[in-house]
Amino acid sequence: MVSMKKTLFIVLLFGFWSCKKEVLNYEINLSDENLFNTPLIVLMHGYGGNAYNFKKEIGENGEFDSQFSIIYLEAPFKIIPLMNKKIWYDFEISNGDTISNQEQINISTDKILKTIKRIIKENDIKSKNLYLGGYSQGGIMAYKIALGNPALFEGFIASSARLPVKYSIKDELTEYQNIKALIIHGKKDNVLDVKFARAGKNLLDKLGIQTQYLVKDNGHSLVPDFAMLIQNWIEDI
């Protein structure tokens, strides 16, 4: 009984400590071309994932080219103690409506921005071409952060995602004139129906954001050519 209590205390302490960390854990692949125009892509995994597995999953279907710098961020909250299954925020569905933990979303948002800033500083990254993206819940976070901070990014990627339950829009729509977007969604997605992708596209059109909208023949999963689609999009804009 004493041993069990001690184990539980350690688990709770570790979970509390990991959430209190100022910056997130991450995986990173930096290009040898540390130039002002070197694309720097920050990617966020989905619900229950982690940075290492997300990087591995993307790599299994085609690595990013070496001229791209990639950062894979890891969410701050754990859904299962002692297992590396992370979430950006908790949520529940009640009477068909999604209720998201806004406090956790705000914490994750703050940590994402702080982590990006620290990584750039510590690695002396010169790139001014910063892109933010994510899959599923990570894509929802990309929507929220990019819509609230359009001046920080050249563009953002939302894969198998939806607009956040709550998000902010700038009063001056001219603030969105330089940011671009890439939406990727599976037409067989039974977790987040493709209607959520269309809703995102409709909003971005109203904001004047140049958006590439791709509907692929898959379900709620990363498309096999995920890295290539992002690379081609960046090279075309």
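Everything below is about the structure printed above this text.
Predicted, not measured: the structure shown is a model, and the values here were computed from it.

Basis of the calculations
Think of each chain on its own: its residues are numbered from 1, step by step along the sequence as written. Reporting of local features is limited, given that this is a predicted model, to residues whose pLDDT is at least 70; pairs of side-chain atoms are given and counted only at 80 or more, and all residues count toward the totals for whole chains, interfaces and linings. Based on all heavy atoms of the structure, the side-chain values leave hydrogens and waters out of the count. For the purposes of this entry, the term helix denotes a DSSP run of H or I that reaches at least four residues, the term strand denotes a run of E that reaches at least two, and both are numbered from the N terminus. With C-alpha atoms as the basis for the radius of gyration, the globule rule is written as 2.2 Å multiplied by the number of residues raised to the power 0.38. Relative accessible area decides the class of each residue, using a 1.4 Å probe on protein chains only: under 20% of the type maximum gives buried, over 50% gives exposed, and in between gives partly exposed. Contacts are assigned to residue pairs that have any heavy atoms within 4.5 Å of one another. All accessibility values rest on the Shrake-Rupley procedure with a 1.4 Å probe; residue burial counts only the protein chains present in the view. Charge assignment: positive for Lys and Arg, negative for Asp and Glu; neither His nor the chain ends contribute. Taken as the charge location is NZ of Lys, CZ of Arg, CG of Asp or CD of Glu. Note on definitions: salt bridges are taken to be side-chain nitrogens of Lys or Arg within 4 Å of carboxyl oxygens of Asp or Glu. Only strands joined by at least two bridges in the DSSP assignment are considered to pair. Angles here are taken between N-to-C directions and fall from 0 to 180 degrees, while the axes themselves are lines fitted to C-alpha atoms, restricted in helices to the stretch in contact. In protein, a polar contact means a hydrogen-donor-capable atom and an acceptor-capable atom, both N or O and within 3.5 Å, with residues adjacent in sequence counting only if both atoms are side-chain atoms; elsewhere, any N or O pair within 3.5 Å suffices. Between the rings of Phe, Tyr and Trp (Trp by its six-membered ring), a pair exists once the centres lie within 6.5 Å; its type follows the angle of the planes, with under 30 degrees stacked, over 60 edge-to-face, and the other angles tilted.

Quick look at the overall build of the chain now. When you go through the chain residue by residue, the secondary structure sums to six helices and eleven strands. For a compact globule of 237 residues, the expected C-alpha radius of gyration is about 18 Å, and the chain comes in at 18 Å, within 12% of that figure. Expressed as lengths along the three principal axes of its C-alpha atoms, the size of the chain is roughly 60 × 50 × 40 Å. Here the chain, with 237 residues, has 46% of them falling under the buried criterion. Within the chain, contacts between residues separated by at least 24 positions form 73% of all contacts whose residues are at least 6 apart in sequence. Surface exposure of the chain reaches about 12500 Å², of which carbon and sulfur atoms provide 51%. Here the chain contributes 28 positively and 27 negatively charged side chains, and the mean placements of these two sets differ by 7 Å.

A complete count under the given rule lists eight salt bridges for this structure. One salt bridge connects Lys55 with Glu27, and the closest N-O pair in it is separated by 3.9 Å. Note that Lys55 is positioned in helix H2 (residues 51–60) and Glu27 in strand S1 (residues 26–29), a separation of 28 residues in sequence. By relative accessible area, Glu27 is classed as partly exposed at 24%. One salt bridge connects Lys86 with Glu74, and the closest N-O pair in it is separated by 2.8 Å. Taken together, the residues span a long stretch of sequence, with Lys86 in strand S5 (residues 86–87) and Glu74 in the loop between strand S3 (69–73) and strand S4 (77–78) at a distance of twelve residues. Among the charged side chains, a salt-bridge network with shared partners connects Lys187, Lys188 and Asp217.

Another aspect to go through is the sheet that holds strand S2 (residues 39–44). As a general point, the strands of a sheet are linked pairwise by backbone hydrogen bonds and lie either parallel or antiparallel. Spatially, S1-S3-S2-S8-S9-S10-S11 is the arrangement adopted by the seven strands of the open sheet, whose pairing is mixed. Either end of the sheet is taken by a strand with one partner, and the two such strands are S1 and strand S11 (210–216). Here the strands of the sheet are splayed against their neighbours by 15° on average, with no regard to which way each runs. Where strand S10 (residues 180–186) meets S11, seven bridges bridge the pair, whose relative direction is parallel. The residue of S11 that forms the bridge with Lys180 is Gln210. Across the sheet, H2 lies against S1, S2, S3 and strand S8 (129–135), angled at about 40° from S1, the strand it touches most. Packing against the sheet, helix H3 (residues 102–122) makes contact with S1, S2, S3 and S8, and its axis sits at approximately 140° to S3.

Here we take up the environment of Asn61. Relative to the assigned elements, Asn61 resides in the loop between H2 and S3. In this structure, the C-alpha to C-alpha distance between Asn61 and Pro224, residues 163 residues apart in sequence, is 5.3 Å. A polar side-chain atom of Asn61 sits 3.4 Å from the main-chain carbonyl oxygen of Glu57.

Turning to the packing of aromatic side chains, a few remarks are in order. Taken as a whole, this structure holds four aromatic pairs when the rule is applied. Each ring, one from Tyr47 and one from Phe91, has its centre 5.6 Å from the other, and the planes form 80°; the classification is edge-to-face. Note that Tyr47 is positioned in the loop between S2 and H2 and Phe91 in strand S6 (residues 91–94), a separation of 44 residues in sequence.

The next point concerns the side chain of Ser100. If you trace the backbone, Ser100 turns up in strand S7 (residues 97–100). Once residues within four sequence positions are removed from consideration, Ser100 is found in contact with Tyr89, Asp90, Phe91, Ile105 and Val165.

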